[in-house]
Amino acid sequence: MKIHRFARPAVIAAAALTLVAAACSNTSSTSTSSGSTSGGFQGTALNGAGSTFAQPLYQLWSQSFLQKEPDAQINYQPIGSGGGIEQFTAETVDFGATDVPLQSDEIGNLPPNQNYIEFPTALGAVVFAYNVQGVDTPLKLDGTTISDIFLGNITKWNDAEITSQNPGVNLPDESIQVVHRSDESGTTAVWTGWLSAESPEWASKVGADKAVQWPVGTGASGNDGVASGISQTDGGAGYLSYDFAVTADLGVADIKAPDGDYVAPSIDSISKAGGGLTFPIKSDTTIINSSTKGAYPVASTTYVLIYTDQTDQSIAQTLVDFWTWSLTDGQSQTEQINYAPLPSDFAKDALKEVAKINVNGTPVTPTSPTG
Amino acid sequence: MATIGVPPHADAPAAPLTRRRRFGDPAFRWTTLVVSVGLVVMLALLLWVLADGGWRAIREFGLHFVIGRDWNPVAGRETYGALPFIFGTAVTSLIAMVLAMPIGVGVALFLNESGAGWIKNPLAVLVDLLAAIPSVVYGLWGLFVLVPLFDHTVEPWLSASVGKVPVLGGLFRYQGPGGDMFTAGVILAIMILPIVTAVTREVVSVVSTETREAAMALGATRYETIRLGVLPTARPGIVGAGMLGLGRALGETIAVALVIGNSTNISASLFKSGYTIPAVIANEFREATSAGVHRSALLFLALLLVLIALGMASVSRLLVRRTARLMGDDVAAQEEAASSTLGLA
């Protein structure tokens, strides 16, 4: 008995050591094997900062990319889009990431003799999530109805504005409990931007930004805070980032597109919303209410900012390699974590932007052609 | 030490002692002086940074910032009024004080005065353990346990019973589900309980045996001894304990942000969602850019919070000293105990 008790830590320690050893040998073996496939260039560490929305995706991509270039450690800080633009402006990061395109005053703040590229990397969406007992099929809602809910004009689930769009659905005489984000968020910016486009009353009373003065409801921090707020509250309703909504066990509404169809959010319908994207990205570029057939209306994208005139050869090479890979092979990985890929034609256009990166005037070509 | 030869036996310890004192005392005095001045400088720098950062908001909104009720960070229609946050901070802290003071003092008296027996040590340890729980854990527990419990049971019951009382009832009018100021106040009460209890125990334990014996000698029961002898003597210390608790309640951030509902209401009902100064700073600062006045407004709020906290600390000092003076010189030890515990925190 006594021996056993003393032996246990030793066993655990031994097991841990074995694991560590296994992990080490694993990484070293992959690095040697992939080192040979990527033509010798091992990459170098990159620093990026910005959008919290993009963080899970960039993390996944950077891990996968280590198979190609084992030294390309991408240190991405999800400090928010505003912070990403500030860091990019201050030239303290190798790339910045933002959910909102650069605005004219932000472009004015950039270092004067620097050219930059701005390209989308993946698509996402914001969904209307709810917790209503006895409703099994997705609710169908249009923009006016949803903005009326968030304005406090509609307070009951069995309001005529909701029931008229959902014949046959038994909606209870229950108050709608609105939950919104309390922290500043790109998700809020997309959601309020869409509400402003849908409802003149919303546009004049509230407007669109990363945080607004909410007419009704309670605030919760983060997507998980909003999701738990909705699920805890009978009659709860709120908005969530799509990648989060699929994992939360909540009702998600089909939303009326400009052509009159109700569209459910899915990887496919979100990807279609990117159909109208073109270069160059302008400060008012948006993929809300896309005219593409079957596109989900409340879709968004996230952008990367890179200065084209680089001075360090290995940083420039890794930047080009990583983003080229992300826009080609990496696109197929987006669905693993519920982001939508860019439309393939548009991804090819984005590659042309990446190709503008140069070192002291000499263009940088990707190390190993992919795709 | 260039003494030649062996010094006389008696002088041996004396000489190095005076020497050491000559160098040691000034060195000690200077070190402590530098450290204390550094502390003051740090506070001044802190205030300066906040005032400097908040200057834009101060210039743009002035007094309106403190009395305004609109908090709108939307670009192009920015307006910042902090009244809902000041209100929420005051109300939640007040709820916390009302709940935690009687319980904290009661627990302290139970532990120290009632001869609690076997339960004394486990209870004391448990109360101290409350202080060791990180505030984010309190917040999560509040969000997942307390909020639903209050929504479905406590608040409907309170509004059906106390809510019927004419004037007081307005405070307990049911507002539907979701986080609210009352839940936040209860969480805060639990969080400040350990500090109130610990400081009260400390000051109760230094009440002189003579005071107790005098009360006993007059035929007082144990309860009367506490009421007539112990409590009045310990009052300055207990006030100090309350002020320490209040200080923590005012500044608590994450636990409150998780349960208060984060909306800018000013409502008579405690069951309405609200917002506090620390919560709004934590929620909005991360993504606030310096493009508009938003970041500046948040820094101004931080300055306001620091000023409120400094004001509370000064008032508590005054209160402790005043009650001590009123009590006469028998409580000199009390004052010392109270101010030393205040100083410790």
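Residues numbered from 1 in each chain as written. Chains lettered and ligands numbered in written order. Predicted model: local features only at pLDDT ≥ 70, side-chain atom pairs only at ≥ 80, totals over all residues.

## Re the packing of helix H4 (residues 120–132) of chain B against helix H6 (residues 181–205) of chain B
Residue and element names in this part refer to chain B.
Phase 1 of the analysis: Packing of H4 against H6 leaves a shortest axis separation of 8 Å and a crossing angle of 125°. It follows from the interaxial angle that H4 and H6 lie oblique. The interaxial crossing formed by H4 with H6 has left-handed handedness. For the pair formed by H4 and H6, the contact residues are Val127, Asp128, Leu130 and Ala131 on the first element and Ile190, Leu193, Pro194, Ile195, Thr197 and Ala198 on the second.
Phase 2 of the analysis: The residue makeup of the contact of H4 with H6, split by class, is 8 nonpolar, 1 polar and 1 charged. (Axes fitted to C-alpha atoms, helices over the stretch in contact; angles between N-to-C directions. Helix = DSSP H or I, 4+ residues; strand = E, 2+ residues; numbered from the N terminus. Parallel < 35°, antiparallel > 145°, perpendicular 65-115°, else oblique. Left-handed = near helix turned anticlockwise from the far one by under 90°. Contact = placed C-beta atoms within 7 Å. Nonpolar A, V, L, I, M, F, W, Y, C, P; charged D, E, K, R; others polar.)

## Here's the deal with the pairing of strand E1 (residues 46–50) of chain A
Residues and elements named next belong to chain A.
Phase 1 of the analysis: Taking burial as the measure, the 5 residues of E1 include 4 buried ones, the bulk of the element.
Phase 2 of the analysis: With 4 bridges joining them, E1 and strand E2 (residues 74–77) adopt parallel strand pairing. Following the sheet pairing, alanine 49 is matched in E2 by glutamine 77.
Phase 3 of the analysis: With respect to chirality, the unit in which E1 leads through helix H2 (residues 55–65) into the neighbouring parallel E2 is right-handed. (Buried ≥ 20, exposed ≤ 12 C-beta atoms within 10 Å, placed from the backbone. Pairing = 2+ DSSP bridges. Right-handed = clockwise from strand over helix to strand, strands pointing away.)

## A word on the sheet that holds strand E13 (residues 309–310) of chain A
In a beta sheet, neighbouring strands are held together by backbone hydrogen bonds and run either parallel or antiparallel to one another.
Phase 1 of the analysis: Pairing within the open sheet is mixed, and its 3 strands lie in the order E13-E14-E15 (chain A). Strands with a single pairing partner mark the edges of an open sheet, and in this sheet they are E13 and strand E15 (362–363) of chain A.

## Some words on the sheet that holds strand E5 (residues 140–141) of chain A
Residue and element names in this part refer to chain A.
Phase 1 of the analysis: The sheet built from 3 strands is open, its strands ordered E5-E10-E11 with mixed pairing. Since the sheet does not close on itself, it has two edges, and those belong to E5 and strand E11 (262–263), each with one partner.
Phase 2 of the analysis: With 2 bridges joining them, strand E10 (residues 254–256) and E11 adopt antiparallel strand pairing. Bridge pairing in E11 places lysine 256 opposite tyrosine 262.

## Looking at the interface of chain A and chain B
Phase 1 of the analysis: If you look at the interface, chain A gives 25 residues, while chain B gives 27 residues.
Phase 2 of the analysis: Put simply, the parts of the chain that give the side of chain A that touches chain B at least two residues each are helix H3 (81–89), strand E7 (218–220) and helix H9 (222–232) of chain A.
Phase 3 of the analysis: Among the elements that make up the side of chain A that touches chain B, the one with the highest residue count is E7 of chain A (3 residues).
Phase 4 of the analysis: A breakdown of the residues in the side of chain A that touches chain B according to their chemical character gives 4 nonpolar, 15 polar and 6 charged.

## Remarks on the confidence of the model for chain B
Residues and elements named next belong to chain B.
Phase 1 of the analysis: On average, chain B scores 83 in pLDDT, and the residues at 70 or more come to 86%.
Phase 2 of the analysis: Counting contacts from residues 1–8, a segment whose pLDDT is below 50, to residues more than four positions away or on other chains yields 2 contacts.
Phase 3 of the analysis: The ipTM assigned to the predicted complex is 0.71, against a pTM of 0.76. (pLDDT = per-residue confidence, 0-100.)

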